[in-house]
Amino acid sequence: MRLIKNFVIAAASAAAILLPPPAKAGVRVFACEPEWAALAEAVGGGEIEAFAATTAFQDPHYIRARPSLIARIRSADLVFCSGADLEIGWLPLLLQRGAPAGVQPGQPGHLLAADHVELRDRPLSLDRAAGDIHPQGNPHVHLDPRNLVTLARVLAERLAIIDPANAERYQAGVEAFVSGWSARIAAWEKRAEGFRGMKVITHHKAWTYLVAWLGLDRVATLEPKPGLPPTSAHLEALLDRARTGQVSAILRTPYDPPVAARWLSGRTGLPELVLPYTVGADGAPDLVALFETTLARLESVRRGR
């Protein structure tokens, strides 16, 4: 029995040696936000192992550089983030704690979305009294779906540099994505024609790109200044404006504190609309659903007017 057992073990060991090693993802992507992990998967397909450092229920401005994130970034081949200082409080620390040379700033494995699209809300002057402003401009660029076409192409170029063996697959992946995505944008813009001029109040300026793309009219924000919580005086002023300004809705992200929006909604009857903001929120398991759900919720307000 012992001889048979030894023979079985030896045979199994030999078989294991002869079998090819399990397939490894071509590129390990450390994405600061879920939208960039989703875009990497859409372009790279099976050659990509994407990890998102944040969720749809976390404010990406305020994340701790946890040991688990340090461990993740140490094995990354590509770091893909929003940039424009959105992650200034935590990404530099992660990069300093042992991230590979190839994902450091200036390297092909370091990709910031804000470096490749036109930024909105560039401040005319830098004054901390103006609140938590971003000197380079608004970093929430993913909420204009047209930006994703540009970024998908940049991403495919970076993937081809990092993983040249699969360059043709990345090229095919990005062409398929851009073709399908462009058709969806055309359909979304047709659906959104009735939104133009719709007046909204937002919690934060996270919606700048969505507002511009859809032609909405943002008349105010719940934050008196970016990053500062609403004050009683500011909310009272908004109350008067909401009652007289034909505002259609109050928009907030899943991670925005709900108190101010609910206070204003309760006193004006305006709907408090929680839009997905990014992949992983309710109704937005992927990039397509992110925009489909956003439009559907805005349409529900338009029908109710």
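Refer to the structure printed above.
Just so we're clear, the structure is a prediction, and the values are computed from it rather than from any experiment.

Q: Before we move on, can you summarise the overall build of the protein chain with the specific residues and values?
A: Counting its secondary structure elements, the protein chain contains 10 helices and eight strands. Counting across all 305 residues of the protein chain, residues that qualify as buried make up 47%. A sequence separation of at least 24 residues applies to 63% of the contacts in the protein chain between residues at least 6 apart. Accessible surface for the protein chain amounts to roughly 14,700 Å². Of this, 56% is attributable to carbon and sulfur atoms.

Q: Which residues make up the state of the cysteines, and what values go with them?
A: Each disulfide is one covalent bond, formed between the sulfur atoms of two cysteines. Following the criterion strictly, the structure yields one disulfide and no others. Covalent S-S linkage joins C32 and C81, the inter-sulfur distance amounting to 1.9 Å. The sign of the S-S torsion, about 55°, decides the handedness of the disulfide formed by C32 and C81: right-handed. Here C32, found in the loop between β1 (27-31) and α2 (34-44), pairs with C81, found in strand β3 (residues 78-81); they are 49 residues apart in sequence, far enough to count as distant. Side by side, C32 and C81 carry an identical accessibility label, which is buried.

Q: Give me the packing of aromatic side chains: which residues, what numbers.
A: According to the stated counting rule, one finds nine aromatic pairs in the structure shown. For the pair W181 and F291, a centre-to-centre distance of 5.8 Å together with 75° between the ring planes defines the contact as edge-to-face. With a gap of 110 residues between them, W181 in helix α6 (residues 167-191) and F291 in helix α10 (residues 287-304) connect regions that are remote in the sequence. Of the two residues examined, W181 and F291, each falls in the buried class.

Q: Mind laying out the side chain of E223, listing which residues take part and the relevant values?
A: Looking at the element boundaries, E223 is found in the loop between β6 (217-221) and α8 (232-244). K205 provides the closest opposite charge to the buried, unpaired E223, separated from it by 8.8 Å. Polar side-chain contacts of E223 include one of 2.6 Å to the side chain of H204.

Q: Pulling in residues and values, what's your account of the side chain of T294?
A: As for its placement among the helices and strands, T294 is situated in helix α10. The class for T294 is buried, based on a relative accessible area of 3%. Not counting residues within four places of it along the chain, the set of residues in contact with T294 comprises L210, L275 and P276.

About the cut-offs
Each chain has its residues counted from 1, running along the sequence as written. Note on the predicted model: pLDDT of at least 70 is required for a residue's local features to be given, and 80 or more for side-chain atom pairs to be given and counted; whole-chain, interface and lining totals, by contrast, use all residues. Side-chain numbers come from the whole structure's heavy atoms, not from hydrogens or water. Under the DSSP-based scheme used, a helix requires at least four consecutive residues in state H or I and a strand at least two consecutive residues in state E, with every element numbered from the N terminus. Accessibility here uses a 1.4 Å probe with only protein chains present; expressed as a share of the type maximum, an area under 20% marks a residue as buried, one over 50% as exposed, and anything in between as partly exposed. Any pair of residues with heavy atoms lying within 4.5 Å of one another is described as a contacting pair. For every accessible area listed, the method is Shrake-Rupley and the probe measures 1.4 Å; residues are considered covered only by the protein chains on display. What counts as a disulfide here is a pair of cysteine sulfur atoms lying within 2.5 Å. Stacked, tilted and edge-to-face pairs are distinguished by plane angle, under 30 degrees for stacked and over 60 for edge-to-face with tilted covering the rest, among Phe, Tyr and Trp rings (Trp via its six-membered ring) whose centres lie within 6.5 Å. Neither His nor the chain ends is counted toward charge; the positive residues are Lys and Arg and the negative residues Asp and Glu. Whenever a carboxyl oxygen of Asp or Glu lies within 4 Å of a side-chain nitrogen of Lys or Arg, that contact is scored as a salt bridge. N or O atoms within 3.5 Å of each other form a polar contact, as long as, within protein, one can give a hydrogen and the other can take it, and as long as residues adjacent in sequence are counted only when both atoms are side-chain atoms.

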